[in-house]
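Secondary and tertiary structure notes
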Amino acid sequence: MTACVALDLREAWADVLRRRAALSAALSAYGAVFDLWAEVSALAAPLDVDADACRERWSRGVPLIAEVRPDLRTEPVEALLGPLLGVVATVRPDAAPAVEAFAAAWERGDVRPASLLPSRGGFGVPVTTGLAPDLVGFLAIGSLRPLLEQVFAPCHEHLVHGDWSLGVCPFCGAPPAWGDIGEDGRLELACHLCGGAWAFSRLRCPFCGTDDAKELRRMTAEGPEGGYALATCTRCRAYLKSVDRRERWNAGPALVEDWGSPHFDVVALREGYARPLVPLVVTARTD
Ligand SMILES: [Zn+2]
Ligand SMILES: [Zn+2]
């Protein structure tokens with residue numbers, strides 16, 4: 001297997017905690033995730049799919065994962081899942097029975113790494129575990145991100161502007177979790193599950209596809225939080241957080257920015273909006 005560098009976001013996370021010192025206690029649970037990720041490497045074989053084969057699938061609107069299933073071994077996923085279940089049980093004590101049911105389903109083999117991959121309509125984890133979708137999403141990101149980033153890394157560079165216009169990740173099929181507005185003013189959506197990113201129109205909702213300007217609203221933060229924004233859609237009631245990197249040059253990677261800004265989620269959730277992958281700590285704060 002090719003030697004792969006571990007996914008080390010610890011420094012970027014420490015920077016977010018410095019900038020958002022008032023939230024650092026609430027966000028402390030995430031430290032264990034970044035520590036876990038930094039310790040593991042060479043977990044999965046990178047996909048051997050050339051640019052033409054990638055682009056042929058994208059031209060049909062098919063994320064790579066729909067036709068090229070990565071070979072995910074159980075052991076490395078299990079090694080991450082164990083401590084992650086502990087994190088969930090700590091942050092969400094109310095979910096302890098569901099966490100136990102999930103662990104039992106894993107033991108029985110009813111839940112496998114592939115169960116945590118996104119599919120149309122959510123993840124493949126049996127509803128009988130009772131684990132809420134946002135917690136399944138956290139476990140999927142926590143246990144699969146280091147692997148899927150290695151799997152899809154060679155394909156990330158094959159995607160060029162215009163290859164993909166849908167609101168799901170062209171690599172792993174997950175919903176977008178964050179928006180980055182770059183130096184050129186264009187929006188890139190970020191995937192937390194595989195670390196992929198893809199260009200997307202700023203005038204369209206990535207979740208339902210509407211481009212009706214009356215349905216779309218952009219709320220921008222001001223003062224010390226300048227550069228951050230919430231994009232909402234009244235048609236599907238979904239929201240997306242984003243950062244304009246022209247204004248916020250010191251912003252970190254998408255995932256640390258997302259997990260480090262639960263206060264924006266609180267605003268959106270209070271206004272009745274939702275999104276597929278609400279971070280763990282937000283649900284803890286608003287329940
Ligand atoms: Zn992805
Ligand atoms: Zn929408």
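All of the points below concern the structure found in this document.

Reading guide: rules and limits
- Residues numbered from 1 in each chain as written.
- Chains lettered and ligands numbered in written order.
- Predicted model: local features only at pLDDT ≥ 70, side-chain atom pairs only at ≥ 80, totals over all residues.
- Buried ≥ 20, exposed ≤ 12 C-beta atoms within 10 Å, placed from the backbone.
- Helix = DSSP H or I, 4+ residues; strand = E, 2+ residues; numbered from the N terminus.
- Pairing = 2+ DSSP bridges.
- Expected span 1.5 Å × (residues − 1).
- Arc of directions from axis to C-beta.
- Contact = placed C-beta atoms within 7 Å.
- Axes fitted to C-alpha atoms, helices over the stretch in contact; angles between N-to-C directions.
- Parallel < 35°, antiparallel > 145°, perpendicular 65-115°, else oblique.
- Left-handed = near helix turned anticlockwise from the far one by under 90°.
- Nonpolar A, V, L, I, M, F, W, Y, C, P; charged D, E, K, R; others polar.

1. Re the pairing of strand 7 (residues 228-233)
For a regular strand, side-chain orientation follows a simple rule: the groups alternate between the two sheet faces. Taken across its six residues, strand 7 has six buried, putting it largely inside the fold. Alternating residues of strand 7 divide into Y228, L230 and T232 and A229, A231 and C233, and every residue in both groups is buried. As paired elements, strand 6 (residues 216-220) and strand 7 share five bridges and run antiparallel to each other. Bridge pairing in strand 7 places R218 opposite A231. Counting the residues between successive antiparallel strands, the hairpin from strand 7 to strand 8 (residues 239-244) contains five residues, one of them, R237, with a positive phi of roughly 60 degrees.

2. Observations concerning the pairing of strand 5 (residues 197-200)
Two strands pair when backbone bridges link them, and strand 4 (residues 187-190) and strand 5 are joined in this way by four bridges, in the antiparallel orientation. Each residue of the ladder has a partner; that of L187, found in strand 5, is F200. Hairpin connection from strand 4 to strand 5: six residues lie between these consecutive antiparallel strands, with G195 at a positive phi of about 80 degrees.

3. Re helix 6 (residues 96-108)
Look at helix 6: 18 Å from first C-alpha to last across 13 residues, which is about the 18 Å you get at 1.5 Å a residue. V99, F102 and W106 are the residues of helix 6 that are buried. Angularly, the buried residues of helix 6 cover 60 degrees about the axis, an arc narrow enough to put them on a single face. Facing away from the buried surface of helix 6 by more than 90 degrees, the exposed residues are P97, A104, E107 and R108. At its buried positions, helix 6 is contacted by helix 5 (74-91). Looking one or two residues beyond helix 6, the residue adopting positive phi is G109, at roughly 90 degrees.

4. Side note on the packing of helix 5 against helix 6
For the pair helix 5 and helix 6, the least separation of the axes is 9 Å and the interaxial angle reads 165 degrees. By the criterion of interaxial angle, the relationship of helix 5 to helix 6 is roughly antiparallel. The two elements helix 5 and helix 6 cross, and the hand of that crossing is right-handed. Each of L81, L85, V88 and A89 in helix 5 lies in contact with helix 6, whose residues at this interface are A96, V99, F102, A103 and W106. Here the contact of helix 5 with helix 6 is composed, by residue class, of nine nonpolar, no polar and no charged.

So, to be careful, I would describe these as geometric facts and stop short of saying anything about function.
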